[in-house]
Amino acid sequence: MKLPGQEESDVSSASKNVPTGELDSGPGSGLSPDGPLDTESRELEVPKDLPLFIQLNELLGWPHAPEWKETGRWVLFEEKLEVGAGRWSAPHVPTVALPSLQKLRNLLAKGLVLLDCPALSLQELTEQVTRVESLSPELRGKLKALLLQRPQHLIQTPCTSPCWRSANLREASQEEEAPLKEQHQNPLRQKFPPGAEAGAVLAGQLGFLEQPLGVFVRLRDPVVLGPLIEVPLPSRFFCLLLGPPTLGRGYHEMGRAVAILLSDLQFQWRVRRASSLHDLLAALDAFLEEVTVLPPGRWDPTARIPPLKCLPSEHKRLSSQLRVAKGPSVRRRTPAEDRHGRRQHAANPELRRTGRLFGGLVQDVRRKASWYPSDFLDALHPQCVSAVLYVYLATVTNAITFGGLLGEATDGAQGVLESFLGTAVTGAAFCLTAGQPLTILSSTGPVLVFERLLFSFSRDHSLDYLPFRLWVGIWVAIFCLVLVATEASVLVRYFTRFTEEGFCALISLIFIYDAVGKMLTLTRAYPIRRPGSPAYGCLCQYPDTGGNESQWTSTNSKDRDDILSMDLGLVNASLLPPPECAQRGGHPRGPGCHTVPDIAFFSILLFLTSFLFAMALKHVKTSRFFPSVVRKMLGDFSSVLAILLGCGLDAFLGLATPKLMVPREFKPTLPGRGWLVSPFGANPWWLSVAAALPALLLSILIFMDQQITGVILNRAEYRLQKGAGFHLDLFCVAVLMLLTSVLGLPWYVSATVISLAHMDSLRRESRACAPGEAPSFLGIREQRLSGLAVFILTGISIFLAPILKFIPMPLLYGIFLYMGVTAISSIQFTKRVQLLLIPAKHQPDLLFLRHVPLSRVHLFTAIQLACLGLLWIIKSTPAAIIFPIMLLGLVGVRKALEWVFSPQELLWLDEPMPEKERNIPEKGMEPEYSFSGSDSEDSELMYQPKAPEINISVN
């Protein structure tokens, strides 16, 4: 984009350039933005310079009392001084008029440009910038005195009111150039990392000047220019724009234009490496080539555009310039790269076959051994403490709920104690030895379904359940070891987002269904009816002779007895009413007595309270309320705070809601059995061989459940540095399957929801970010100690019965529902389901809707819904024994979709499968280049930093 008179000013001003040095040669040094580049890699180099703080000081009060006053500041976004309010504005996207950029270019072309200026102080700098031929000695003295005045800054310290520093009309001495106390106390200083630099822009109208004066300086070594900048950062750039009084705010806008240019990373990168005036002007021209013009009258110039949550990547801008410079010859991504520029699973060395037995396992052990010491040292951070607290509660909730469900499914063969013990032992062992220690082992819905089917089969055929289950577990361990030996884990390359979303949606629905189902069971046991009805009974609490608290209910419902024995964890139960209740005729209005409808009502109240409160705190984390530290704390401890609120409400009102049942003795739930399961019991010997058939189905389920979770946890967008370990993880699960089968404990695999919650709690984000800029995702704090502490606390929880018994079960059901809802709402599948109900004109601007017809999106969603419905139906029927095979069938369905959808459509809605990556036309892999405009908005979002798509958490 050329401005009028640009070519003429380039030639006429060449002689005015006064460089004082050259930059050191190096990669990217002395690069002319418009000149040809040596290699493509240098063309695609992303600016990696440290952030630059730019401040605009404007000269006000001429001719009576001229003074410098800070009126704007930039890092990435602009903050304006709101004089009337005495504060800084909210950060916003800066806008500038094209005439201001044109005037700035002309002024710089005719002005003084000093590159690598050797000045070491503000006084030396003023000596350099005032050496202009058009200025007389007298005017130079006046200008120098004016430049040495202390500007006024609005510095808002945390403990004081906004502080204005008054101007000083005399020259500053060397001592006076030291930064002020308020500058060191400026909270903005914490936003910058070590090594950050500053740039000063001075602009205004000066009556004794006859013609405009423009000076641009790049210091050879960054220098702290005393009180010139409100933050005591070393300055790299200095720009002076002064001129005779004119109408309007021309110099103010030119000053803003310079600040906006310097806040642009690519302009800053080019200017740092410029060696002449031509390079400086070329950098400005390159900036103009990317400027987007808003037509007048279509928007309000005074409106402030809020910053985007996700800024376009610099890769996009550089590659766009490369396409303009080289045209169709630009390098395209290789077919193995996905639409986000990342390599597909096939490029992962962990997913390549070695061709040797247990070759993948050996490689995983060698790879993880080098990281083992750091897995403990990296845990020495306060963030790990908060992660332990609420992941522990999620794990305990899961252990309690699945323990209760497993007790119901097996008629007491296993229960809450086995669930606690198994979770603690297997989880701690896995965290110590696994390849991906961030994984949380737990009972899962699919495995629970298989346990229920296995028990039903044993009961229907009069088999001893635990010995039969032992042989199933032994065969599963053998089959899993065979899978490890043959490196079958490389097949996870075929698990695309289609398979992952189907699996995650199924698990989330199981969470939701179980939580709601438990509450419905409670309401059936204690139906809410009007007083006077036959079921309107009494639940009394009274101390017995031993000092313990007993309960009595006047109704004799089987469901109610089951609830009392399972959930309330009663010490003593009796169908005889206490004397004081009998004297009142059974009317429960004395101390410790509650009506049955009260139980159901308050249980539902606590259930909804925990769910809604946790959801509200989750949204507070991304809201504008409270400081960022408070928001993060509320979001991280949402489940903890929800449980504490519910417990406090329950205790304050003295409610007789069902409480958490915690084992009081360390012994198996099933009376008469020891901790070691007999291999045969009453079963025939041949059953140990026949157990291989159900074990084969369970092995498929274990492999799918474990490895799909592993694929999700080890996605590239999580930026894990220590590698995965698919073979080692499956080996650990196989050994633990054998251990839990021998001890009669539940089977455990990776729990998708809680594992992702664990990872989400360990997210590392940048602390030093520009005002208005969202913290950037840096990765996950990879370590073993947080998971190990979670499972140690889970084991200790067996002995915390006096405390945990006060937690109402409806609270835990509410947290269970919260986990399921947040899980299913975080995947793209849910967004596409919502599109079925949203008219086209009201649909959100989702990226895949720009490239795939809406009818094809609906067809893809309908196929996923059909698969999910079929899985749920099979899980809920006697045919559930083939449920693991149906999960594996998701991969086959995804493969068949290649006959229904084009490669381009699957690229946007899912991911290419490994075999297809070599056959997809290169053009199909580059949808952003298939449009006529290389700078199309459709390609703008292609290179944005990609956050994790499936973000399931309990916080």
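Residues numbered from 1 in each chain as written. Predicted model: local features only at pLDDT ≥ 70, side-chain atom pairs only at ≥ 80, totals over all residues. Heavy atoms only, no water.

On the surface, a cluster of nonpolar side chains totalling about 410 Å² of accessible area is made up of Ile792, Leu793, Ile796, Leu800 and Ile803. With three residues, helix 27 (residues 785-796) is the single largest residue contributor to the nonpolar patch. The topology assignment puts Leu800 in the loop between helix 27 and helix 28 (801-804). Among the residues examined, Leu800 registers a relative accessible area of 31% and is labelled partly exposed. (Patch = residues over 30% accessible without salt bridge, like charges linked within 9 Å, V, L, I, M, F, W, Y side chains within 5 Å. Areas by Shrake-Rupley, 256 points an atom, 1.4 Å probe, with all protein chains shown as cover. Salt bridge = Lys/Arg side-chain N within 4 Å of Asp/Glu carboxyl O. Helix = DSSP H or I, 4+ residues; strand = E, 2+ residues; numbered from the N terminus. Buried < 20%, exposed > 50% of the residue type's maximum accessible area, 1.4 Å probe, protein only.)

Here the focus is the sheet that holds strand 1 (residues 52-60). Taken together, eight strands build an open sheet; the order of strands is 4-3-2-1-8-10-9-5 and the sheet is mixed. Only two strands of the sheet have a single partner each, and these edge strands are strand 4 (87-88) and strand 5 (112-117). In the packing of helix 3 (residues 98-110) onto the sheet, contacts are made with strand 5, strand 9 (213-223) and strand 10 (235-243), and the angle to strand 9 comes to roughly 75°. (Pairing = 2+ DSSP bridges. Contact = heavy atoms within 4.5 Å. Axes fitted to C-alpha atoms, helices over the stretch in contact; angles between N-to-C directions.)

All right, on to helix 29 (residues 809-824) then. Since there are 3.6 residues in each turn of an α-helix, residues three or four apart along the chain are aligned in direction. Over its 16 residues, helix 29 extends 23 Å from the first C-alpha to the last, a length consistent with the 22 Å expected when each residue adds 1.5 Å. Extensive coverage of helix 29 is indicated by the burial of 15 of its 16 residues. (Expected span 1.5 Å × (residues − 1).)

With that settled, the discussion passes to the packing of aromatic side chains. Here the structure, examined in full by the defined rule, presents eight aromatic pairs. Aromatic side chains Phe457 and Phe468 sit 6.1 Å apart centroid to centroid with 35° between the ring planes, which places their arrangement in the tilted category. On the criterion of sequence distance, the pair formed by Phe457 in helix 15 (residues 445-460) and Phe468 in helix 16 (residues 465-485) is long-range, its members being 11 residues apart. An angle of 35° between the planes, with centres 5.8 Å apart, marks the rings of Trp475 and Phe479 as tilted. Within this pair, Trp475 and its partner Phe479 are both found in helix 16, separated by four residues, close to a single helical turn. Take Phe479: its relative accessible area is 22%, and that puts it in the partly exposed class. (Phe/Tyr/Trp six-rings, centres within 6.5 Å; stacked < 30°, edge-to-face > 60°.)

We now examine the nonpolar core. The biggest cluster of nonpolar side chains holds 138 residues, and the ones touching the most others in it are Val472, Leu698 and Ile702. Apart from the residues lying within four places of it in its own chain, the contact partners of Ile702 are Val447, Val476, Cys480, Val733, Met737 and Val749. (Core = buried A, V, L, I, M, F, W, Y, C linked by side-chain atoms within 4.5 Å.)

Counted by the stated rule, this structure contains 10 cavities of 30 Å³ or more. Roughly 70 Å³ of volume is contained in the largest cavity. Sorting the residues of the lining of the largest cavity by element identifies helix 17 (497-525) and helix 31 (854-875) as the ones contributing at least two each. Counted by class, the lining of the largest cavity contains seven nonpolar, two polar and one charged residues. (1 Å grid on protein atoms, 1.4 Å probe; cavity = no way out; pocket = protein on both sides within 12 Å on 5 of 7 lines; lining within 4 Å. Points joined across faces, edges and corners; volume = space filled by probe spheres on them. Nonpolar A, V, L, I, M, F, W, Y, C, P; charged D, E, K, R; others polar.)

Inspection of the secondary structure assignment puts Pro151 in the loop between helix 5 (137-147) and strand 6 (154-155). Taking relative accessible area as the criterion, Pro151 reaches 3% and is therefore assigned buried. For the pair Pro151 and Leu228, spaced 77 residues apart in sequence, the C-alpha separation works out to 6.3 Å.

For the rest of this paragraph, the subject is the packing of helix 22 (residues 638-653) against helix 29. Contact geometry for helix 22 and helix 29: axes closest at 10 Å, N-to-C directions at 155°. With respect to each other, helix 22 and helix 29 are oriented roughly antiparallel. The two elements helix 22 and helix 29 meet at a crossing, and its hand is right-handed. Of helix 29, the residues touching helix 22 (which contributes Ser638, Ser639, Ala642, Ile643, Gly646 and Cys647) are Leu811, Leu812, Ile815 and Tyr818. Looking at the contact of helix 22 with helix 29, its residues break down into seven nonpolar, three polar and no charged. (Parallel < 35°, antiparallel > 145°, perpendicular 65-115°, else oblique. Left-handed = near helix turned anticlockwise from the far one by under 90°.)

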